[in-house]
Amino acid sequence: MAKRKVLFLGIDPYLIDTNLATTTGWDANRVKAVAQGANKRLAELGYEVQHCLVDLGETAESVVSDTLSREKFDCIMVGAGVRILPQHTVLFEKIINAIHQKTPPSSKICFNTNPSDTVEAVLRLVK
């Protein structure tokens, strides 16, 4: 059986606002470490994981579209950093519309609440 393919889509952690990182505890190093742990766990469960890190909007839509044009995914996990901050609303809209345009109807979209529950978000939709 082929491995299920998962795309982790999020803002490059090195673009995280340092004020936000201080108040939430999610700095770039912690985000990367937790993402690596999620990759490892999903690989152990038989999933193939790819990352698509975007900027804050300048090229994000084209990067997502290009990634989704090259490969099909069973699940696209859109990170909380893209979705929960009001200043990223337009970015979130662009990303969701790119997903809608470039993926087959069978592809699932899931959301985490923070990097530490990414595995659970994927497993809810793709088993």
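Shown above is the structure to which this text applies.
Calculation rules
- Residues numbered from 1 in each chain as written.
- Predicted model: local features only at pLDDT ≥ 70, side-chain atom pairs only at ≥ 80, totals over all residues.
- Heavy atoms only, no water.
- Helix = DSSP H or I, 4+ residues; strand = E, 2+ residues; numbered from the N terminus.
- Rg over C-alpha atoms; globule rule 2.2 N^0.38 Å.
- Axes fitted to C-alpha atoms, helices over the stretch in contact; angles between N-to-C directions.
- Contact = heavy atoms within 4.5 Å.
- Nonpolar A, V, L, I, M, F, W, Y, C, P; charged D, E, K, R; others polar.
- Pairing = 2+ DSSP bridges.
- Salt bridge = Lys/Arg side-chain N within 4 Å of Asp/Glu carboxyl O.
- Buried < 20%, exposed > 50% of the residue type's maximum accessible area, 1.4 Å probe, protein only.
- Expected span 1.5 Å × (residues − 1).
- Arc of directions from axis to C-beta.
- Phe/Tyr/Trp six-rings, centres within 6.5 Å; stacked < 30°, edge-to-face > 60°.

### Brief notes about the overall build of the protein chain
For the protein chain, the count of helices and strands is six helices and four strands. In the protein chain, the succession of α and β elements from N to C terminus is β-α-α-β-α-β-α-α-β-α. Taken over C-alpha atoms, the radius of gyration comes to 14 Å for the protein chain, in line with the 14 Å a tight globule of 127 residues would show. Along the first, second and third principal axes, the C-alpha set of the protein chain runs to 45 × 30 × 20 Å.

### Focus: the packing of helix 2 (residues 28–44) against helix 6 (residues 118–125)
Look at helix 2 against helix 6: their axes get within 9 Å of each other, and the N-to-C directions meet at 35°. Of the residues in helix 6, those touching helix 2 at A38, R41 and L42 are T118, V119, V122 and L123. In terms of residue class, the contact of helix 2 with helix 6 is built from five nonpolar, one polar and one charged.

### Quick word on the sheet that holds strand 3 (residues 75–78)
Spatially, four strands are ordered 2-1-3-4 in an open sheet, and the strand pairing comes out parallel. The outermost strands of the open sheet, each flanked by one partner alone, are strand 2 (47–54) and strand 4 (108–111). Recorded for the sheet is a direction-independent mean angle of 25° between the axes of neighbouring strands. Along the sheet, helix 2 contacts strand 1 (4–11) and strand 2; its crossing angle with strand 2, the most-contacted strand, is approximately 155°. Helix 3 (residues 60–70) contacts strand 1, strand 2 and strand 3 of the sheet and is inclined by roughly 155° relative to strand 2.

### Quick word on the environment of V54
Take V54: it is sitting in strand 2. Along the backbone, V54 and P104 are 50 residues apart, and their C-alpha atoms lie at a distance of 22 Å. Not counting residues within four places of it along the chain, the set of residues in contact with V54 comprises G10, I11, D12, L15, A60, V63, V64 and I95.

### Some details on the pattern of salt bridges
Scanning all chains against the criterion turns up three salt bridges. Residue D74 is joined to R4 by a salt bridge in which the shortest nitrogen-to-oxygen separation is 3.8 Å. Of this pair, D74 sits in the loop between helix 3 and strand 3 while R4 sits in strand 1, and the two are 70 residues apart along the sequence. Under the relative-accessibility criterion, R4 is labelled partly exposed at 31%. For E44, the salt bridge identified is with R41, shortest N-O distance 3.9 Å.

### Quick word on helix 2
The terminal C-alpha atoms of helix 2 lie 24 Å apart, and with 17 residues this matches the ideal 24 Å at 1.5 Å per residue to within 8%. For helix 2, the complete set of buried residues consists of A28, V31, A38 and L42. The arc that holds the buried residues of helix 2, viewed along the axis, is 90°, so those residues lie on one side. Exposed and facing more than 90 degrees away from the buried side of helix 2 are N29, Q36, K40 and E44. Phi for G46, located one or two positions after helix 2, is positive at around 95°.

### Things to note about the packing of aromatic side chains
The final tally for this structure, using the stated rule, is one aromatic pair. A ring pair is formed by F92 and F111, whose centres lie 6.3 Å apart and whose planes are at 70°; its orientation type is edge-to-face. Linking F92 in helix 5 (residues 89–102) with F111 in strand 4, this pair joins segments that are 19 residues apart in sequence. Accessibility expressed as a relative area gives 22% for F92, which makes it partly exposed.

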